[in-house]
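# Understanding the architecture of this molecule
This is what each chain is made of:
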Amino acid sequence: MLLGAIETGGTKFVAAVGNEHGEVIEEITIPTTTPDETMPKILQFLNQYKIEGIGVGSFGPIDVNRQSPTYGFITTTPKLSWRHYNFVGALKEKFSVPVAWTTDVNVAGYGEYKLGNAKSLCQNKNIPLSEALEN
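So, a few notes on the structure that sits alongside this text. Each chain carries its own residue numbering, running from 1 in the written order of its sequence. Whole-chain, interface and lining totals are the exception, using all residues; otherwise, since this is a predicted model, local features are given only for residues with pLDDT of at least 70 and side-chain atom pairs are given and counted only at 80 or more. With hydrogens and water excluded, all non-hydrogen atoms of the structure serve as input to the side-chain values.

### Here we look at the overall build of the protein chain
Rule in force here: Labels follow the DSSP assignment, with helices taken as runs of H or I lasting at least four residues and strands as runs of E lasting at least two, numbered in each case from the N terminus. Only protein chains enter the accessibility calculation, which uses a 1.4 Å probe; a residue is then buried when its area is under 20% of its type maximum, exposed when over 50%, and partly exposed in between. Using a 1.4 Å probe, the Shrake-Rupley method yields the accessible areas, and only the shown protein chains count as cover for residues.
Along the protein chain, the regular secondary structure elements total four helices and seven strands. For the protein chain, the N- to C-terminal ordering of α and β elements is β-β-β-α-β-β-β-α-β-α-α. Buried positions account for 38% of the 135 residues belonging to the protein chain. Carbon and sulfur atoms make up 52% of the accessible area of the protein chain, which amounts to about 8200 Å² in all.

### What about the environment of Ala-5?
Test applied: Every residue pair with non-hydrogen atoms within 4.5 Å of one another is taken to be in contact.
In this fold, Ala-5 is placed in strand 1 (residues 2-8). With 22 residues separating them in the primary sequence, Ala-5 and Glu-27 have C-alpha atoms 9.1 Å apart. Once residues lying within four places of it in the same chain are set aside, the contact partners of Ala-5 are Val-14, Ala-15, Ala-16 and Gly-55.

### Focus on the packing of aromatic side chains
Definition in use: Paired rings are identified among Phe, Tyr and Trp, the last through its six-membered ring, by centres lying within 6.5 Å, and are further divided according to the angle between planes into stacked (under 30 degrees), edge-to-face (over 60) and tilted (the rest). Placement of a charge over a ring requires the Lys NZ or Arg CZ to be within 6 Å of the ring centre, with the centre-to-atom vector within 35 degrees of the ring normal.
Tallied over the full model, the rule gives eight aromatic pairs. The interplanar angle of 90° and the centroid separation of 6.1 Å between the aromatic rings of Phe-59 and Trp-82 together place this pair among those described as edge-to-face. Taken together, the residues span a long stretch of sequence, with Phe-59 in the loop between strand 4 (51-58) and strand 5 (73-74) and Trp-82 in the loop between strand 5 and strand 6 (85-86) at a distance of 23 residues. With a relative accessible area of 5%, Phe-59 lands in the buried category. The interplanar angle of 85° and the centroid separation of 5.2 Å between the aromatic rings of Trp-82 and Tyr-85 together place this pair among those described as edge-to-face. With respect to burial, Trp-82 and Tyr-85 carry one shared label: buried. Taking the ring centre of Phe-59 as reference, the NZ or CZ of Lys-79 above it sits at 4.5 Å.

Following this line, the structure appears as structure tokens:
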């Protein structure tokens, strides 16, 4: 199974394709400019593979409320060209796969919990992840 991943940042986007074992097959870095310039490069990269899902960690603010009409949007970001951009919609327009959408901070925390320094700190399910990351 191949999965796509996108991390949006203030200066660059990182996109990768990997498998369910966490092995990265290929990764690219693209400067963050405008949606019209950046997104076609991301979509073209991912389209080279038969991916079965995409995970996105985005700069914000973003709408993560699945019941909201603006779910999947980057909302009132200081990056003017990205304001009110329907990021998940752009992915869904190109790919018929599930898309996981959250903040870049949540993705970093989850990565530490699953594979990084917080892994050993979170073995006790009574310790919230946020507390473990503060140590």
